[in-house]
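Structure assessment
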Amino acid sequence: MTSSLLSVTDLNVSFDTPDGVVRAVSDVSFTVSAGETLGIVGESGSGKSVTASSILRLNSSTNATTTGSAVLAGTDMLTCSDAEVRARRGSEVAMVFQDPLSALNPYYTVGRQIGEAYQVHHPDASKAEVRERVMDMLTKVGIPHPEQRVDEYPHQFSGGMRQRIVIAIALVNSPKLLIADEPTTALDVTVQAQILDLMLSLQAENKMAIILITHDLGVVAEVAQNVLVMYGGRIVERASVDALFDAPTHPYAWGLLGAVGSLDHNKRGELRTVIGTPPSLITLPPGCSFAPRCEYAHSVGSVCTTTVPMLRNIGHLGSFSACHMSDEQIIQIGSKVRA
Amino acid sequence: MLVFITRRLLFAVGLLLAVSLFTYLLFSMLPADPAALTCGKNCKPDLIEANRVRLGYDKPVLEQYWLFLKGIFAGRTYGTGATAFTCPAPSLGYSFSQHECVTTMIANTFPVTAYLSIGAFVLWMLLGISLGSVAALKRGKWQDRLATTFSAVGVSLPTFYIGLLVLFTVVIWLGLMPFPHYESPFENIVGFFNALILPWLTLAVLSAASYTRLTRNGMLEAMNEDFVRLGIAKGLKRGVILRRYVLRSALVPIVTIAGLDFAALLGGAIITESVFSLPGMGRMSIRAVVESDLPVLVGTTMVAALFIVLANVVVDILYGVLDPRVRTKS
Amino acid sequence: MISDFALEGIDLVKYFPTGRSGILGRARENVRAVDGVSLSLRRGTTLGIVGESGCGKSTLARVVTRLIEPTHGQILLDGEDITHASGKELRRMRTKIQMVFQDPYSSLNPRHSVGQIISAPLQVQKMKPVQGERQRVHEMMELVGLNPEHYNRYPHEFSGGQRQRIGIARSLILNPSIIVADEPVSALDVSIQAQILNLMAKLQETLGLSYVFIAHDLSVVHHIADEVAVMYLGKIVEMGPSNVVYSSPSHPYTKALLSAVPVADPKRHHRQDRIRLTGDVPSPVNPPSGCRFRTRCWLATEKCANEEPSLNPGGNGRLVACHYPLETPVSIGS
Ligand SMILES: Nc1ncnc2c1ncn2[C@@H]1O[C@H](COP(=O)(O)OP(=O)(O)OP(=O)(O)O)[C@@H](O)[C@H]1O
Ligand SMILES: Nc1ncnc2c1ncn2[C@@H]1O[C@H](COP(=O)(O)OP(=O)(O)OP(=O)(O)O)[C@@H](O)[C@H]1O
Ligand code: SF4
Ligand SMILES: [Mg+2]
Ligand SMILES: [Mg+2]
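As a starting point, this report considers the structure included with it. (Residues numbered from 1 in each chain as written. Chains lettered and ligands numbered in written order. Predicted model: local features only at pLDDT ≥ 70, side-chain atom pairs only at ≥ 80, totals over all residues. Heavy atoms only, no water.)

**Let's talk about the site of ligand 2**
All names here are of chain C. Around ligand 2, the structure places 13 residues, and the nearest of them are Ser-53, Gly-54, Lys-57, Ser-58 and Thr-59. Here Ser-53 contributes a side-chain N or O atom positioned 2.7 Å from an oxygen atom of ligand 2. In the model, an oxygen atom of ligand 2 is placed 3.0 Å from a nitrogen or oxygen of the Gly-56 main chain. With the chains in place, 64% of the 630 Å² that ligand 2 exposes on its own is no longer accessible. For the shell around ligand 2, the secondary-structure elements that each account for two or more residues are β2 (28-42) and α1 (57-64). (Near = heavy atom within 4 Å. Polar contact = N/O pair within 3.5 Å; in protein donor to acceptor, adjacent residues only side chain to side chain. Areas by Shrake-Rupley, 256 points an atom, 1.4 Å probe, with all protein chains shown as cover. Helix = DSSP H or I, 4+ residues; strand = E, 2+ residues; numbered from the N terminus.)

Next up, the structure:
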């Protein structure tokens, strides 16, 4: 394997809140290499966004505690100086947020907002150069009549167009890594298809790596090569897309894929579901955080409720799973989920 | 934008007319007889009647109002022959108890009120916005607690209390300054500042208290906005983020309130002017109330209304300038 | 005579007046949220409504439940005209048709206990169940899979899925025959969505309910609906049995919409041969002339700009509003 672009090791993030300490992210490790698209899926509140924003050190400074490391092209983003982080934000790693309605500054024209992102990392660029670069980006992300629209304000654009502009801002410095946090969740399916196409074509151009956070397994299946499945702040499964959809290796992934799979295939039958609801991150259950909802926990024994399962390699597809079940059992059940 | 401004101005003129009519009708319904008030206690009935005719109080109310409106544009002459006298346009009436045209009285007192208001306004905006910003930036730290306490205490204290407190402490107790005595800035600039510094501070501290809170909350709210996070993710410097992203969006609502507060002050800072014996419009209004000097009351009310209406227009326009969403609504 | 249909809408129109213009702000424009929609819900079945954001789904739902009055058109409940029902009549009608909303967080009053929330419709209707109010609420809670012991708890103590169950229990307490559900699972996680969909299917079977089910997630509607109506800019462009519409869409918009849905199966990649719609949905204030879809349609001609296509039979029991409907197989393995 080539050396990775981003390597996150033992990331832990907790928030002090009036109700107690929220363990938002626990012991998360993963790598991303150049040109790769890594999908992160998981239930609401499972720590996807917090993991992503830790890489840019965007977590609130007042109540967050972050430990571990996130080495991006040789620099640990969690421990380097403020100036070093700032120099990398927007230039080496850029971010696209979920809601294009609120992600743009309503008081400045879109041209100025794209230009500003370029200028901060190219302080010597002349006004004309910046403008040229801005027009370039607007054309690239498919805004019609860029020479006219460059001086308009965000509210004059539709949701899909705004997300294109956010992408233009993210890509104006040709970053090595793009983190997209649910970039299409707020958009209609037809617009979602446009935005995903756009991201993929720009990725091909720049050999950029993408971390794509989504709760839509369809989106993951279509655009990612590798996937992290998160649950209760932990990675419970790490696999290639093909392996995940062919033979998932964690009971939560089984439930997730089962529910989606039955939506696609057996019409009108009962949907397979995961019973119960996600855990509170303040009083995480000891042992496997999925245990209270897991239909296999009782057959495995008390270890599920006492010991946190570690990620381990399962089978020959290169999947990693954090489950106490035996390899044979996992392989056997996993191969049947999508059948 | 031009259509927008025209529409606002037309509306403002209409509003002013309505306010003036309402004021006029309201004061004409008071049980006091304005003619009887024109001369002292033991006045002869025929003198009262003469004055009544001279000032036009014998006419129906609506006609009086019409004469009043006409006076604003054409000036107004009271009485006939040798005893006639004229208040030139814009005439807001004639105060018999002061034997002076109301317009002249306002022209004499307004500058004092204006100096007081402008100084206090500048001070309170500076103080409020900087304290609020510091509080927001140092959220939860001692600076924040100090600023929050200041604003909580400040908004709950009445003006006359703070005014008297300041006056007592600085002038009487500590003897740091002589008792303020107003002087025109063109004659004695030092005396002017000496007279106004305490009233400025009094007014500023009070309003700064609520502007501290407004700024703090506005900024904290803005800091949670997605677009601020995107600004940080771009790699912008903290100062740039605060200026262009956070403060900018926190200021928009503040401008609205500030404009109206300032206009209200221009109509006369009644309590402050009285406490510090400043010869401004506020103190003049108080005297007019006490002496039932109706023409002066109508005049000052009208001027105050004018400022409020104008301020509304200015705020609306500023809003358009500050917020492109208002300006370029399709 | 009792009609075959639980609910019918005939040529429904709902306009919302909008912004002002001109110096005196006189001239008015309308948002044409729903613009001539006819539909019918067969007793005991589910009618799904899909379409992109802003196409008028929620407005249609609020019109047929009489939460807002239509600008034009007629609503029949069990064959009875309720378009202008008011007072007692409207109250009686509300016992038969109930609504479930999208956001399980904001549609429940945070200061009322679950028991109060679920029993509220009884008070509004001044109804006293024979078994007693409390007992009736307990039954409802059991029916939707909530623990009746939680009668006195407050909404914030429940998860999103449980809150949606509370909303469903509230809608069922009056024993309605029709439920209009506006995006009931859109705010929920995939694993929880499946729980709610299963619950709704079970309730339909045991209580014989008829559903109008609105969603923008096409696979959810496919799963639950017998018939499906596809909306675009305030109009229905295609409507028919859901397996027919899904397996062989006839309107270009239906086809594009279906082809845009990402498939959760890496082996069935079809990003390459997918139909890509360009541009955005036009404004419902000034919809395009003729066919409203023509500005994004790859088949559009002059005719589409001049003539508005009407909703005509298009084979296999469907209706389609297009001048150039797509070729579809004559019959689908039934
Ligand atoms: N600033 C904060 N203070 C306290 N808790 C926080 C803060 N930010 C996030 N959390 C908590 O951390 C947990 C993980 O949140 P995160 O946003 O990463 O979830 P997510 O997986 O992105 O979910 P979603 O799919 O809803 O976006 C949540 O329980 C959230 O409430
Ligand atoms: N009360 C209202 N006043 C003015 N316009 C309205 C009102 N309610 C809805 N609209 C407009 O009517 C159109 C249809 O809205 P509606 O909420 O029915 O769409 P929808 O299909 O439910 O969309 P979504 O999927 O986003 O919920 C939109 O353009 C909306 O802005
Ligand atoms: S570790 Fe146990 S509880 Fe957790 S997923 Fe595996 S079997 Fe289920
Ligand atoms: Mg998130
Ligand atoms: Mg809706």
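**Focus: the packing of helix α7 (residues 189-223) of chain B against helix α9 (residues 238-266) of chain B**
Packed helices, taken two at a time, are described by the angle between their axes plus the distance between the axes. Residues and elements named next belong to chain B. With their axes 9 Å apart at the nearest point, α7 and α9 run at an angle of 150° to one another. As judged from the angle between their axes, α7 and α9 are roughly antiparallel. At the point where α7 passes α9, the crossing takes the right-handed sense. Here Leu-203, Tyr-211, Leu-214, Thr-215, Gly-218, Met-219, Ala-222 and Met-223 of α7 lie close against α9, whose contacting residues are Leu-242, Val-246, Leu-247, Ser-249, Ala-250, Ile-254, Ile-257, Ala-258, Asp-261 and Leu-265. Each residue belonging to the contact of α7 with α9 can be placed in one class, and the counts come to 14 nonpolar, three polar and one charged. (Axes fitted to C-alpha atoms, helices over the stretch in contact; angles between N-to-C directions. Parallel < 35°, antiparallel > 145°, perpendicular 65-115°, else oblique. Left-handed = near helix turned anticlockwise from the far one by under 90°. Contact = heavy atoms within 4.5 Å. Nonpolar A, V, L, I, M, F, W, Y, C, P; charged D, E, K, R; others polar.)

**Details of the interface of chain A and chain C**
The interface of chain A with chain C comprises 45 residues on the first partner and 41 residues on the second. Between chain A and chain C, roughly 3500 Å² of surface is buried when both sides are summed, and carbon and sulfur atoms account for 52% of that area. The tally of links between chain A and chain C comes to two salt bridges. A:Asp197 is paired through a salt bridge with C:Arg276; the nearest N and O atoms lie 2.4 Å apart. Elements supplying a minimum of two residues to the side of chain A that touches chain C: α7 (189-206), α8 (217-223), α9 (241-246) and α10 (251-264) of chain A. Ranked by residues supplied to the side of chain A that touches chain C, first place goes to α7(A) with nine residues. (Buried area = accessible area lost by both parts, 1.4 Å probe. Salt bridge = Lys/Arg side-chain N within 4 Å of Asp/Glu carboxyl O.)

**So, unusual backbone geometry**
Even without being glycine, A:Asp27 reaches a positive phi, approximately 45°. By secondary structure assignment, the location of A:Asp27 is in strand β2 (residues 20-32). Non-glycine residue C:Glu183 carries a positive phi angle of around 50°. Structurally, C:Glu183 can be placed in the loop between β7 (178-182) and α6 (190-207). Given a relative accessible area of 7%, C:Glu183 falls into the buried group. (Buried < 20%, exposed > 50% of the residue type's maximum accessible area, 1.4 Å probe, protein only.)

**Here we look at the site of ligand 1**
Residue and element names in this part refer to chain A. Within the structure, ligand 1 sits among 15 residues, and Ser-44, Gly-45, Lys-48, Ser-49 and Val-50 are positioned closest to it. Residue Lys-48 places a side-chain N or O atom 2.9 Å away from an oxygen atom belonging to ligand 1. In the complex, the protein chains occlude 66% of the 640 Å² of accessible area that ligand 1 would expose alone. Counting residues per element, the ones that place at least two in the shell around ligand 1 are β1 (6-17), β2 and α1 (48-55). The dominant element in the shell around ligand 1, judged by the number of residues it contributes, is α1, at three residues.

**Focus on the pairing of strand β9 (residues 227-232) of chain C**
Residues in a regular strand point their side chains to alternate faces of the sheet. Residue and element names in this part refer to chain C. Among the six residues of β9, five are classified as buried, and the element is accordingly described as predominantly covered. Taken together, the four bridges between strand β3 (residues 46-50) and β9 define a ladder with parallel strand orientation. Directly across from Ile-49, in β9, lies its bridge partner Ala-229. Linking β9 back to strand β10 (residues 235-241) in an antiparallel pair, the connection comprises two residues, with Leu-233 at a positive phi of about 50°. (Pairing = 2+ DSSP bridges.)

**Examining the side chain of C:Arg318**
Examined against the element boundaries, C:Arg318 turns out to sit in the loop between β11 (312-313) and β12 (319-320). Side-chain polar atoms of C:Arg318 contact the backbone oxygen of C:Ser248, separated by 2.7 Å.

**What to know about the pairing of strand β4 (residues 72-77) of chain C**
Residue and element names in this part refer to chain C. Here two bridges tie β4 to strand β5 (residues 80-81), and the two strands are oriented antiparallel to one another. Within β5, the residue paired with Leu-76 across the bridge is Asp-81. Turn length for the β4-β5 hairpin, with the two strands adjacent in sequence and antiparallel, is two residues, and the turn residue Asp-78 shows positive phi of about 50°.

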